[in-house]
Number of protein chains: 2
Amino acid sequence: MSNVLNDFKSYLKQISLYEQVISLIEWDLQTATPEKGVHAKTEALSHFSTEHFRMTTSKEYGQMLETLSQPEAFDTLDDVMKLTVKRYKRDYEKQQRIPESFYSEFVKTRALSQKAWEKAKKNNDFASYLPHLDKVISMVKEQLSYTDPGEEMYDALLDQYEEGVTCDQIEKVFDELKEGLVPLLKKIAANPRPDLSNARGFFSVDDQKKVQEMLLEYIGFDFDAGTTAISAHPFTMDMAAGDCRVTNHYNEDWAISAMFSAIHEGGHAIFGQSINPQYEYTAAAQVNLMGLHESQSRFFENILGRNKNFWIPIYDKLGEILPTFKNVSLDEFYRIINDVQPRFIRMESDELSYCLHIILRFEMEKAIFKDGVATKDLPELWNKKTEELLGITPETDTKGILQDVHWSDGAFGYFPSYLLGSIYDGMFLQVIEKDMGSLDVILAEGRIKEITKWLQGHIHQYGSQYISKEIMERLGAGELSAKPLLDYFYNKYSKIYNLE
Amino acid sequence: MSNVLNDFKSYLKQISLYEQVISLIEWDLQTATPEKGVHAKTEALSHFSTEHFRMTTSKEYGQMLETLSQPEAFDTLDDVMKLTVKRYKRDYEKQQRIPESFYSEFVKTRALSQKAWEKAKKNNDFASYLPHLDKVISMVKEQLSYTDPGEEMYDALLDQYEEGVTCDQIEKVFDELKEGLVPLLKKIAANPRPDLSNARGFFSVDDQKKVQEMLLEYIGFDFDAGTTAISAHPFTMDMAAGDCRVTNHYNEDWAISAMFSAIHEGGHAIFGQSINPQYEYTAAAQVNLMGLHESQSRFFENILGRNKNFWIPIYDKLGEILPTFKNVSLDEFYRIINDVQPRFIRMESDELSYCLHIILRFEMEKAIFKDGVATKDLPELWNKKTEELLGITPETDTKGILQDVHWSDGAFGYFPSYLLGSIYDGMFLQVIEKDMGSLDVILAEGRIKEITKWLQGHIHQYGSQYISKEIMERLGAGELSAKPLLDYFYNKYSKIYNLE
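On a predicted model such as this, the values are computed, not experimentally measured, just so you know.

Draft legend 1. Spotlight on the overall build of chain A. Regarding its fold elements, chain A presents 22 helices and 3 strands. Computed over the C-alpha atoms, the radius of gyration of chain A is 23 Å, within 12% of the 23 Å expected from 2.2 N^0.38 for a compact globule of 500 residues. In terms of overall dimensions, chain A has C-alpha extents of about 65 × 50 × 50 Å along its principal axes. Here chain A holds 500 residues, and 56% of them are scored as buried. Here the contacts in chain A between residues at least 6 apart in sequence split such that 75% fall between residues at least 24 apart. Counting every atom, chain A has about 21,000 Å² of accessible surface; 49% of that belongs to carbon and sulfur.

See below:
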């Protein structure tokens, strides 16, 4: 039996080496590959992805999983290996039902769809993208017919990104949030907005990189276990044990955007860097719990980064690197980074409106997978729902349904993770303050790394050993609820906007 | 038959995808991997290198090569495919005689040896490195007993890096050069050296990067087919069709070093970027002719870059980016970049002393592989030969035998390529001036890209379709000879140092 276990471990290691080079190729494509080299990199990506698919659907692999699932073997495994066998066996059974020809076709369809989306977004031309989106949706449905036959489609999609959470549960907390948020946003809208002009200027990429380095160091990013690069959109790449990287994108006339991207991606990366190294090559080291992952990036970005006290110990340093901010008082800065105003673009939205952006996408995805709304009717529905939720109507599809990359890549069911993350954050915040006292005080005293350490010790180190629900149980955080997040919002924004 | 050819082509494409990821991992290790990620990257490198070895020594591959070598198949192939089958069959026959266990062991031994070398160089401790170097040398010999049984060992090593050139031929031209150079260096030494102090200052990495970009653009580097990064030592990585990259290393108090590294690596990269794209996945796209490759980097670095006229069109721009050079006249700058003085370190040496550094290494390698000098006696021999050739004796082994990485990695036979490259450059220069007129005039008029175009058209586009000797024949450049290089040296340095 120990032979099978050893073979299994060495097989997992091999799979992980393929995952590492796939990540490396993707990293390179987005941060370094020159235009004429894209073709060769794409060929390599397709080859090694197909090899990876073969390895994770091979008979040999299935046989090892089967053997190790039998009680006489299974009972001898340690907890992490039990979880690995269970989770990978479940994935294997789903994956190996996908015909290889369908898999390759789907990879190609998504690549073409992404290119069509880029073009359509640029030209505000939904019509040219419609057939691609339509094909992707029908192939997502076909894939579900292999992997999750007889299951409610949208539940199966949501489960891919946040195991153990159903559509009904999400609906309940999202509705709770919507009810609380819409009136709050109306009250805020009746108040004057901060003047942003003092925070504008010219900020060189090199100076903004220095700010990023300062911020990453401040929140506890480990530069021995990660690096930084530039890409069109900021992202985090968890490449291998001891190697979790972030990118950023810099606007030369508005530095605040890259600062918060740095903190956001830094949060993701600290999670990846802090997973117990002994979990290498096991399922626990792979965090597909995107709600949990987003909770960490958004905790750093919003709960910490958009708190005035976060900046007290470093605001002078910021002014030294970017002298524009010497002419912006910390109070003014605090109002600017919490400027609430409904915007068309999710990624440009404030902390509050952002939630409604996600609810919009969640409702759109339900319309597609539960109500069977035709693809051609989606732009109209998008605009109608934007009006309902945010009180504004997109001027163009580029500022509406075409703004996000996710659907072009078939990633339906991902969006709710962002907001689940924030909902978790409200719950974490309560536990942390119970454990450690006032967050404001800890931040103001420059003890932010104690919070990072708390998150590492209570969440990060476990990787995905516990799903989000189990983490909450272990923390005694109670049932999934939007109330703590709403309390945090009301408390914070009542003060900023002097609401009654 | 056409089925075999198609299978062969698709097999070559697969091999090249493995080569691409191996290059990518190496690139990443040297430019981006954080300390804690080195382990995972090294694991991946070892895995994919072994897979590559298996693919290039498999029975299936051997059978395809055998079938395509039969006259009825071979005669139907085009020229490049004929060359590919011939060259790869030769390599296959050598490689498949290497036991896989020996191959893996040798990979590991070299990795350990490189680490031991780094440490020994840092601590000036040859003794600790001796057993590693000794083992590498004996494994190189063992490998030769598989790949080239009965052959003269050093000829076989030289052939790996510059096909078609023997030890005797190299000896002849190196001796010719030594005879001419030693007296020239003595004459120069009797003259005053330029004052370097005006060229010192503080040069930020960002500013030096701007100079690099200016220089690369100037000489014709294609930024759509390459990119730049920072590493401990500058190198060029020919990663795939349309993707040939360079790195650099910046000293903040001396900018000239990185300028010439930029031009040198730029020369390598322009070669790689200019290979006929239709040669993708064939032997012609792989340039293992290191003498020819170095001839291109050294042509750009020395023949062009150390010519005063190269700088006339861009010297003001240099001063704009690095104001220190506004206080250095072009005449002064020209003398500084051609400051001749024997130095211990090859990579810090001037154009003339550099040649003697290579001759030193060539003679050392002959001592090892032809005369069987014991490894423990090498440091003494190194110092003795340095005294003979350069008139100086290394103070330490760090500044002597421990200075270069090559031997720790088993790369014996590589060094002569650098000087062969310069010897070829002398010959190319004659042909170019016959074709296009005075190089000085072309450069002074800012028409350097015409020279780049000539090199691309007469050399680069062919990749390794022709070996160096054939290139020379096609250009009517005559037999291999050091005379053109010596003529160039005497002509140039007599003027700079006002020799009789």
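More follows now that the structure is in view.
Draft legend 2. Region of the structure containing the sheet that holds strand β1 (residues 228–230) of chain A. All names here are of chain A. Read across the sheet, 3 strands follow the order β1-β3-β2 without closing on themselves; strand pairing throughout is mixed. Of all strands in the sheet, those bounded by a partner on one side alone are β1 and β2 (236–240). Along the sheet, successive strands turn relative to each other by an average axial angle of 30 degrees, direction set aside. Bridge count for β2 against strand β3 (residues 243–248) is 4 bridges, and the pairing is antiparallel. Along β3, the bridge assignment pairs D238 with C244.

Draft legend 3. Representation of the confidence of the model for chain A in the model. With 100% of its residues at a pLDDT of at least 70, chain A reaches an overall mean of 96. Interface predicted TM-score (ipTM) for the complex: 0.93; the corresponding pTM is 0.94.

Draft legend 4. Broad picture of the relation of the copies chain B and chain A. It takes a turn of 180 degrees to lay chain B on chain A, together with a shift of 0.0 Å along the axis; the resulting RMSD is 0.0 Å. Taken together, the rotation angle and the small translation identify this as a two-fold axis. Minimal C-alpha separation from the rotation axis in chain B is found for V21(B), amounting to 3.6 Å.

Draft legend 5. Geometry of helix α3 (residues 59–69) of chain A. Residues and elements named next belong to chain A. The set of residues buried in α3 consists of Y61, G62, M64, L65 and L68. One side of α3 holds all its buried residues, which, seen down the axis, span an arc of 160 degrees. The exposed residues of α3 that point more than 90 degrees off its buried face are K59 and E60. Summarising the contacts, the buried residues of α3 are in contact with α1 (2–31), α2 (38–56), α4 (71–74) and α5 (79–95).

Draft legend 6. Broad picture of the pattern of salt bridges. Tallied over the entire structure, the rule returns 66 salt bridges over all chains. Among the salt bridges present, the one from E163(A) reaches R90(A), with a minimum N-O distance of 3.2 Å. Of this pair, E163(A) sits in the loop between α8 (153–161) and α9 (167–189) while R90(A) sits in helix α5, and the two are 73 residues apart along the sequence. Judged by relative accessible area, E163(A) falls into the partly exposed class, the value being 24%. Through salt bridges with shared partners, one network takes in D28(A), K41(A), D243(B) and R245(B).

Draft legend 7. Layout of the environment of K135(A). All names here are of chain A. Along the chain, K135 falls in helix α7 (residues 126–147). Residue classification places K135 among the partly exposed residues on the basis of a relative accessible area of 38%. Distance from K135 to T109, taken between C-alpha atoms, is 7.8 Å for residues 26 residues apart in sequence. Not counting residues within four places of it along the chain, the set of residues in contact with K135 comprises E105 and T109.

Draft legend 8. Just the pairing of strand β3 (residues 243–248) of chain B, in detail. Residues and elements named next belong to chain B. With 6 of 6 residues buried, β3 lies mostly within the body of the structure. Where burial is concerned, the two faces of β3 agree: the one with D243, R245 and T247 and the one with C244, V246 and N248 are both buried. Here 3 bridges tie strand β1 (residues 228–230) to β3, and the two strands are oriented parallel to one another. In the sheet register, T228 faces β3, and the bridge partner there is V246.

Draft legend 9. Structural view of the sheet that holds strand β2 (residues 236–240) of chain B. Residues and elements named next belong to chain B. With respect to topology, 3 strands assemble into an open sheet ordered β1-β3-β2, the strand pairing being mixed. Pairing within the sheet leaves two strands with one partner each, and these edge strands are β1 and β2. Here the average twist between neighbouring strands, direction ignored, is 30 degrees. Sheet strands touched by helix α1 (residues 2–31): β1, β2 and β3. Its angle to β2, the strand with the most contacts, is close to 145 degrees.

Draft legend 10. Focus on unusual backbone geometry. Its identity is not glycine, yet Y281(A) carries a phi of approximately 65 degrees, on the positive side. By the secondary structure assignment, Y281(A) is in the loop between α11 (256–273) and α12 (290–304).

Draft legend 11. Structural view of the state of the cysteines. Residues and elements named next belong to chain B. Applying the stated rule across the entire model yields 0 disulfides over all chains. Lacking any disulfide linkage, C355 is separated from the closest cysteine sulfur, that of C167, by 18 Å. C355 sits in the buried class, given a relative accessible area of 1%.

Draft legend 12. Seen up close, the interface of chain B and chain A. Taken together, the 36 residues of chain B in the interface contact 36 residues of chain A. Together, the buried faces of chain B and chain A total about 2,900 Å²; carbon and sulfur atoms form 55% of this surface. At the boundary of chain B with chain A, the tally comes to 8 salt bridges. One salt bridge in this structure joins K41(A) and D243(B), with 3.5 Å as the shortest N-O distance. At the junction of chain B and chain A, the tally comes to 18 residue pairs in polar contact (both at pLDDT 80 or more). When contributions to the side of chain B that touches chain A are tallied by element, the ones reaching two or more residues are α1, α2 (38–56), β2 and β3 of chain B. At 10 residues, α1(B) tops the list of elements feeding residues into the side of chain B that touches chain A. Looking at the side of chain B that touches chain A residue by residue, the class counts come to 17 nonpolar, 8 polar and 11 charged.

Draft legend 13. Structural view of the nonpolar core. Core analysis: the biggest nonpolar cluster contains 340 residues, and M259(A), W311(A), F325(A), M259(B), W311(B) and F325(B) have the highest contact counts within it. If near-sequence neighbours (up to four positions away) are discounted, F325(B) is found in contact with A199(B), F203(B), A255(B), I256(B), M259(B), Y315(B), L318(B), G319(B) and F333(B).

What counts, and at which threshold
- Residues numbered from 1 in each chain as written.
- Chains lettered and ligands numbered in written order.
- Predicted model: local features only at pLDDT ≥ 70, side-chain atom pairs only at ≥ 80, totals over all residues.
- Heavy atoms only, no water.
- Helix = DSSP H or I, 4+ residues; strand = E, 2+ residues; numbered from the N terminus.
- Rg over C-alpha atoms; globule rule 2.2 N^0.38 Å.
- Buried < 20%, exposed > 50% of the residue type's maximum accessible area, 1.4 Å probe, protein only.
- Contact = heavy atoms within 4.5 Å.
- Areas by Shrake-Rupley, 256 points an atom, 1.4 Å probe, with all protein chains shown as cover.
- Pairing = 2+ DSSP bridges.
- Axes fitted to C-alpha atoms, helices over the stretch in contact; angles between N-to-C directions.
- pLDDT = per-residue confidence, 0-100.
- Least-squares fit on C-alpha atoms with pLDDT ≥ 70 in both.
- Arc of directions from axis to C-beta.
- Salt bridge = Lys/Arg side-chain N within 4 Å of Asp/Glu carboxyl O.
- Disulfide = S-S within 2.5 Å.
- Buried area = accessible area lost by both parts, 1.4 Å probe.
- Polar contact = N/O pair within 3.5 Å; in protein donor to acceptor, adjacent residues only side chain to side chain.
- Nonpolar A, V, L, I, M, F, W, Y, C, P; charged D, E, K, R; others polar.
- Core = buried A, V, L, I, M, F, W, Y, C linked by side-chain atoms within 4.5 Å.

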